[in-house]
Amino acid sequence: MTLHRVPQPDVTARPSWHGITRRHVVTGVLGAAVLLSPPAWTDDYWLQTLTATAIYAAVALSVSLLLGRVGMVSLCQFALLAVGTWIALRIGYATGMPFLVVLVSAGVLTGLLGILLGLPALRLNGLYLALITLMAAAGVTVVLAATQFPNGGSGVLGFSATAVGSTSRLARPGYASSDSAYYAVVVVIVALLFLLVGAHVVSKPGRAWAAIRQSESTAVAAGVSVVLYKLWAFALAAFITGVAGGLLAASGGGVTTYQFPTENNILLLAAVLMGGVYGMWGSIVAAVFVKVVPAVLQLWGISSDILLIAFGIGVIQTMLLSPRGVSAQIAGDLTRLAGRLKRSNKV
Amino acid sequence: MVDLTPYIILGLAFGGVYSLSGVGTVVLFRATAVLHFASGAVGATGALVAWTLIEQRGTPDIVGYLAAIGVGTAITLGYGLLLGPKFAQRDALEKAIGTLGLLLILLGGMSVLWGNDARTLNLPTARLSIQLGSATVNGTQIAAIALALVVTIATTLFLQLTRLGTAMRGMADSREVTAMLGVPVRRVEATAWLFSGVLASITGILMTGLVGLDIASLTFLIIPVLAAAVMGRLRSLWITFGAGLVIGVMQSSLIAFDSVAEYRNITPFVLAIVMLLWLAWRRPLMTRV
């Protein structure tokens, strides 16, 4: 999808790791301190909300990676999150391997599924890709409703309806059994996922994706393997989602299939579009929209249905007026504000 | 051998609803290139209006249903007139995402105004019932099948025989060329939106009669409907009609087989995925816009 009036990034410019300055390091350290501070000043309610927000930021990142970087829309990332959760639970109950190993295996297996899902994307563009991924997502929802999440039962599905009091929840590692420690683990892992995507974007795959987004035929002419890099993008997006699924499986009081209705795929796309698909901040903004804002509204006693209306208006507004999303808008506003403050200081 | 007759009849009724809505989707897509994700939500809104008027206020049935169709049509036409032109130059995906926005607005609006309880609305057609072999068929089921057939025939004739229909077919090929030939494209598009709104509202009412009034399930009825439309390659009214019926019948017949009954709702999605893959490999020019 080529959104209108978007200044396309300069493909010839080659960003790299060599440009890391002291400022980046300072920002990084400060950012880490802020991100890891909540356990010191919040209660359990907010800690769980923020944990969920971090997980959703990773899922949003996978959508924006596909849409913003490669120009492919996937309406099944939320369904893939459910698949990742299922795989993590299944492995967790079956083997009792260490938490991090389970996470990585869930990511890798979901990534393999992502490649399978990416195959149609080699032949389908735009609306048709959106449709086939939506159909796949709807299919996953139906299957999941029948299989349920593993809860320690026997057999391939690992679900037992008669097991008393057994919720589907992945065992947390010993060092992260408390909610606050688990929050820190989630934030670190999600930050690593963001870095992983960042490393891709500034290196060869990122340039290949940018070329594909601009024009597939030009990319082919320039010697970019469209097949390889499209599948790579899908695999990476699915890997991220799978790891996020594993994180979700161990958070809160367990997972149920009701948490994964098909419509959430649509909602996720809406949130990501509003947040902005051309940068990684957009994914964080999207997660805040989906998780933090409803939590605030709930505290104020306002129905989160209002939020759906706001989302709807926001999507249309984003599509028509500001295709770069809220994060870019805020950044632009702040720059303008800073400029104005500077000018008023001079006077 | 299980007697499948009751399941097939039930399936034909659901299939009729899929077909009806699918035909509306295809006509709108051909004329405006907008894949209307919100038509299920429009139908649900209309059905809630009818429910409020008939069950709460005690207005006569016919007034309630006409009001439902009026509201549904007004919403659809309003969106088409207000935002249709703004999206006209965008690609099909962006147009579709615009209607996703409408879907979310309607979904939120319905939840705020009516709450999320499940409701029932007894259609007058439900009182009629006929014994057909081992199955009992009620009027709503007959209405769904009959209406789908009538609308498909009427729309085909309309597109073939009238000036407006010819203009719509022209716009399906090229909006620009049709506009240059002096066809008032905006007016033709408005007609298509109007048609889509009427069909969406009728679908909503029929579906309420068949399965009850639940906001989310009526809204996301659009997904199997899109599956039917996709099987008609978003072009053919008759294949869409047939696909709707096939999906309905298959989905419903699978109830009879215990081993797969739980998975029956996957039917439309599997069929649509197969069709899309077939299109991708055999009609690459269509799917790689």
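Structure: above.
First things first, this report covers the structure right here in the doc. This one's a predicted model, so the numbers in the text were calculated from it and none came from an experiment.

## Looking at helix α3 (residues 44-70) of chain A
Residue and element names in this part refer to chain A.
Stage number 1. Taking 1.5 Å of rise per residue, the 27 residues of α3 would be expected to cover 39 Å, and the 38 Å separating its terminal C-alpha atoms lies within 8% of that figure.
Stage number 2. At S64, α3 shows its largest kink, close to 30°.
Stage number 3. When you tally the buried positions in α3, you get 21 out of 27 residues, the bulk of the element.

## Here we look at the environment of T120(B)
Residues and elements named next belong to chain B.
Stage number 1. Of note, T120 is situated in the loop between α4 (92-114) and β1 (129-132).
Stage number 2. Remark: the alpha-carbon pair of T120 and L48, spanning 72 residues in sequence, is separated by 10.0 Å.
Stage number 3. In contact with T120, other than residues within four places in its own chain, are G212 and L213.

## Focus on the packing of helix α4 (residues 77-95) of chain A against helix α11 (residues 263-275) of chain A
All names here are of chain A.
Stage number 1. Contact pair α4 / α11: the axes reach a minimum separation of 7 Å and the direction vectors enclose 120°. With respect to α11, the element α4 is oriented oblique. Every residue of α11 that contacts α4 at Q77, F78 and A79 is listed here: N264, N265 and L268.
Stage number 2. Class assignment of the residues belonging to the contact of α4 with α11 gives a composition of three nonpolar, three polar and no charged.

## Some details on the pairing of β1(B)
Stage number 1. Examined bridge by bridge, β1(B) and strand β2 (residues 135-138) of chain B share four bridges and lie antiparallel to one another. Paired with S129(B) across the two strands is N138(B), which belongs to β2(B).

## So, the packing of α4(A) against helix α5 (residues 99-121) of chain A
Residue and element names in this part refer to chain A.
Stage number 1. Contact geometry of α4 with α5 gives a least axis separation of 9 Å together with a crossing angle of 135°. By the criterion of interaxial angle, the relationship of α4 to α5 is oblique. In this structure, α4 meets α5 at a crossing whose hand is right-handed. Listed contacts from α5 to L80, V83, G84, I87, A88, I91 and G92 of α4 are V102, L103, S105, A106, L109, T110, L113 and G114.
Stage number 2. Considering only residue class, the contact of α4 with α5 consists of ten nonpolar, five polar and no charged.

What counts and how
- Residues numbered from 1 in each chain as written.
- Chains lettered and ligands numbered in written order.
- Predicted model: local features only at pLDDT ≥ 70, side-chain atom pairs only at ≥ 80, totals over all residues.
- Helix = DSSP H or I, 4+ residues; strand = E, 2+ residues; numbered from the N terminus.
- Expected span 1.5 Å × (residues − 1).
- Bend = angle between axes of the 7 residues up to and from the residue.
- Buried ≥ 20, exposed ≤ 12 C-beta atoms within 10 Å, placed from the backbone.
- Contact = placed C-beta atoms within 7 Å.
- Axes fitted to C-alpha atoms, helices over the stretch in contact; angles between N-to-C directions.
- Parallel < 35°, antiparallel > 145°, perpendicular 65-115°, else oblique.
- Nonpolar A, V, L, I, M, F, W, Y, C, P; charged D, E, K, R; others polar.
- Pairing = 2+ DSSP bridges.
- Left-handed = near helix turned anticlockwise from the far one by under 90°.

None of this, on its own, says anything about what the molecule does.
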